[in-house]
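Residues per chain, in single letters:
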Amino acid sequence: MHPNFIVAGPPKCSSSSLHYYLGQHPDIYTSKIKETRFFSLHYEKGMAFYETFFEEAKKEKAIGETTPSYSFLPFVADRIKMHYPGIRLIFCFRNPVDRAFSSWRMQHGRGTETKSFREAIEINKNQISNGHISLEGNEGAALWAKSHEDHTDDGARLRTYIQAGMYTDILKTYGQRFEDSNIKIIFAEDLIHNFDDTMSGLFRFLQVDEKFIVPNKEIVNFNFSRSANKLANKIFGVKGTQKIAEKMPDFIKNKMKATMREKEPAKLGSEDRQFVWDIFKEDVEKLEKLMNIDLSHWRPKNKGGI
């Protein structure tokens, strides 16, 4: 079986929930492993390997997967275009400042990010400005693969908090390779305030019964504590811990949520919010013009800390 749609992200923009919601539709098959990461990290294994993620699909009209990091990796867009030029792509955007902070908080909770949020953003910003990050072509693929190896120099580790929130750049990357009719954009707020209509629009985009009502609307997200993941990382290594989590049955994950969730999650202060907003401001303005929408509610003056 071959996929005919991909939820391409970005990270921390309801991708886990979207994968779960879409998979409840009787005419949609979503891969059991949400993030196949095939086009970013396992491409050398070949298309036959990729197809194994969908081998259990039966007569579903829409077949797909969800890998959030695909969104900001141009070399991935090239690979997808090469094999599936007519594939449908779904992007879900949220306030880029909140997205970056949520991503940092997840990495910090896992113990893979040791710097403060401000420090991590500064490092990311400097890496970009110094030309150390290029995710284009074969060089980009090699850099991305290397970034997933274990690192002893935390300051040199590749960070993508900024790239994943540059939505206009993301749409430009994919818009240059795919038809507009093959790209669907929603916003995280839509899933909160207008859930059924938003899902109906996605079902229509995927050419399945748009009248289907998703029965389970639970938000799917696991923010495990830093201490718990730090211990697991020490025993199994970062990659080992991630593989265990991916294979863990849902009922075990559900039981772990209450005991392993951060009791007092970090909050984003107003100064740091403004600092990061200044990085994304120009891109957000471009997105408003491109989509002819008003995103003023993303601006710091209308939001407090989270």
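Our structure's up above, just so we're on the same page.
Conventions and cut-offs
- Residues numbered from 1 in each chain as written.
- Predicted model: local features only at pLDDT ≥ 70, side-chain atom pairs only at ≥ 80, totals over all residues.
- Heavy atoms only, no water.
- Helix = DSSP H or I, 4+ residues; strand = E, 2+ residues; numbered from the N terminus.
- Buried < 20%, exposed > 50% of the residue type's maximum accessible area, 1.4 Å probe, protein only.
- Contact = heavy atoms within 4.5 Å.
- Expected span 1.5 Å × (residues − 1).

J.: Just give me the short version of the side chain of His 25, but keep the residues and values in it.
T.: Inspection of the secondary structure assignment puts His 25 in the loop between α1 (15-23) and β2 (28-30). On the basis of relative accessibility, which here comes to 2%, the residue His 25 falls in the buried class. If sequence neighbours within four positions are ignored, His 25 has contacts with Phe 203, Val 208, Asp 209 and Phe 212.

J.: Before we move on, can you summarise helix α6 (residues 117-129) with the specific residues and values?
T.: Over its 13 residues, α6 extends 18 Å from the first C-alpha to the last, a length consistent with the 18 Å expected when each residue adds 1.5 Å. In this structure, the buried residues of α6 make contact with α5 (96-110) and α13 (270-291). Gly 131, located one to two residues past α6, shows a positive phi value of around 75 degrees.

J.: Pulling in residues and values, what's your account of unusual backbone geometry?
T.: Geometrically, the link from Gly 9 to Pro 10 is a cis peptide bond, its omega value of 0 degrees lying close to zero. Structurally, Pro 10 is set in the loop between β1 (5-9) and α1. Phi at Lys 12 is positive, roughly 60 degrees, even though this residue is not glycine. Its place among the elements puts Lys 12 in the loop between β1 and α1. Phi at Asn 292 takes a positive value of approximately 55 degrees, unusual for a residue other than glycine. Relative to the helices and strands, Asn 292 is located in the segment after α13.

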